[in-house]
Amino acid sequence: MGITIALAGNPNSGKTTLFNALTGSYQYVGNWPGVTVEKKTGEYSKNRDIKITDLPGTYSLSPYTLEEVVSRDYLLKERPDVIIDVVDATNIERNLYLATQLSEIGIPLVLAFNMMDVVRKNKDSIDSKKIEELLNCRVVEISAIRNENLDKLIDVAVEEANSKKKIIEIKAFSPEVEKYISEIEDLLTLDEDIPKRWVAIKLFESDSKIMEDANLSEDLENKVSAIIERAEEEFDDDGEGIITDERYNFVTDIVSKTVKKGREGLTSSD
Ligand code: BGO
């Protein structure tokens, strides 16, 4: 049976290079429906039952840019079997921010640590095994430009897509914030196959698009607002700011435990 893979990642993480290496000439370019954002789909050249969609490069899944909205609408509505998040391994800290968000959507997630050739050259050390444990998420080290480990990446993605085990999302928030999120979650009943926790986080952030789509009753909206107000008072910040800070703090902590820079500060573009 066919598998659908979505490639996500920050701009410049090497997504296009990876997409081209995986699909070769089996690729099709069009536009995402209704918008002038390029859509690339293709088939894995070694197994054409594996369909690959290249999502626009984004730093986040907020509703602020067309690219972010296209990416998250695709993930929520089309529900690919697995997401490969292409991470620039020379700049893990910035790239993992998106990973924390992708893991909340209820689709298996695999992290492709790309640019490992540069990581080696810079003599950086990355404890990918520990990152796997801390994030509950498979990590495959690759170099898209050198075609390193790409078969392994697809094998792991297919394994995760076919796995029947429960998806464990990255828990990026402190217990205090988790408490508010679960209070909102408990109020929700959803028809669609979207994780309640994801909707609760987005409501906590007052995400305009989710507020519109969720179409909450006035009573429910008031209850959600009351929860957010309590949190905002406790943290002295707005909901969106609280969530952003928690994600950054979480990622900084993971990186401090797992990444050591050799030639300090170099990135793939140096
Ligand atoms: C330029 N290793 C190395 N060393 N470089 C890589 C790898 C890798 O594994 N993967 C990608 N790159 P995109 P998005 C460039 O274009 O795929 C490089 O935005 C240059 N261009 O070659 O475009 C890749 O789709 C001039 O680099 O990323 C590209 O995610 C000088 O990372 C860049 C140096 O890859 C971004 C690099 C004119």
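Model, not experiment: these values are computed from the prediction.

> For this particular structure, what's the right way to read the overall build of the protein?
On a plain count of helices and strands, the protein comes out with 11 helices and 9 strands. By the compact-globule yardstick of 18 Å for 270 residues, the protein fits well, its C-alpha radius of gyration being 19 Å. In the protein, which comprises 270 residues, the share counted as buried stands at 50%. Put simply, of all contacts in the protein between residues at least 6 apart along the chain, 68% involve residues at least 24 apart. A total of about 13200 Å² of accessible surface is found on the protein, and carbon and sulfur atoms cover 47% of it. Of the charged side chains in the protein, 34 are positive and 53 negative, and the gap between their average positions amounts to 8 Å.

> What's the story with the pattern of salt bridges in this structure? I'm lost.
When the charged atoms of two side chains with opposite charge come close together, those side chains can pair. Following the criterion strictly, the structure yields 25 salt bridges and no others. Of the charged contacts, one joins K171 and E169 as a salt bridge, the two residues approaching to 3.6 Å between their closest N and O atoms. With a relative accessible area of 45%, K171 lands in the partly exposed category. Relative accessible area serves as the criterion here: at 16%, E169 is assigned to the buried category. Between D219 and K223 there is a salt bridge, with its nearest N and O atoms 3.3 Å apart. Here K223 and D219 lie together in helix α10 (residues 218-235), a separation of 4 residues that amounts to about one turn. By sharing partners, the salt bridges in this structure join K129, E132, R138, E159, E160 and K165 into a single network.

> Before we go on, may I ask you to explain the nonpolar core in this structure?
Taken as a class, soluble globular proteins show a tendency for nonpolar side chains to be buried jointly. Within the largest apolar cluster, 59 residues are counted, with the highest numbers of intra-cluster contacts made by I92, L111 and F113. No fewer than three residues from each of domain 1 (3-162) and domain 2 (175-252) sit in this core. Residues within four places of L111 in sequence aside, it is in contact with D85, V87, L96, A99, L135, C137, R138, V139 and V140. Counting 23 residues, the second largest nonpolar core, distinct from the first, contains I52, V82, A112 and A144.

> I keep staring at unusual backbone geometry and nothing clicks. Help me out?
Of note in the backbone geometry, N147 takes a positive phi value of approximately 60 degrees without being a glycine. Backbone geometry places N149, a non-glycine residue, at a positive phi of 70 degrees. Inspection of the secondary structure puts N149 in the loop between β8 (138-141) and α6 (150-162). Judged by its relative accessible area of 39%, N149 is partly exposed.

Thresholds, definitions, all that
Throughout this document, residue positions are counted from 1 along each chain, in the order its sequence is written. Only residues with pLDDT of 70 or above have their local features reported here, since the model is predicted, and side-chain atom pairs are shown and tallied only from 80 upward, although totals for entire chains, interfaces and linings are computed over all residues. Each side-chain value is worked out from all heavy atoms of the structure, with water and hydrogens disregarded. Working definition: helices are DSSP H or I runs of at least four residues, strands are E runs of at least two. Numbering for both runs from the N terminus. For a compact globule the rule gives 2.2 Å times the number of residues to the power 0.38, and the radius of gyration it is set against comes from C-alpha atoms. Each residue is placed in one exposure class: buried if its accessible area under a 1.4 Å probe, protein chains only, is under 20% of its type's maximum, exposed if it is over 50%, and partly exposed if it falls in between. Any two residues having at least one pair of non-hydrogen atoms within 4.5 Å are treated as being in contact. Using the Shrake-Rupley algorithm and a 1.4 Å probe, accessible areas are obtained, with residue cover drawn only from the displayed protein chains. Note that His is not counted, nor are the chain ends; the positive residues are Lys and Arg, and the negative ones are Asp and Glu. By convention, charge coordinates are those of NZ in Lys, CZ in Arg, CG in Asp, or CD in Glu. Here a salt bridge means any side-chain nitrogen of Lys or Arg lying within 4 Å of a carboxyl oxygen belonging to Asp or Glu. Buried Ala, Val, Leu, Ile, Met, Phe, Trp, Tyr and Cys residues that are joined via side-chain atoms within 4.5 Å together make up what is termed a nonpolar core. The source of the domain bounds is an automatic or database domain assignment.

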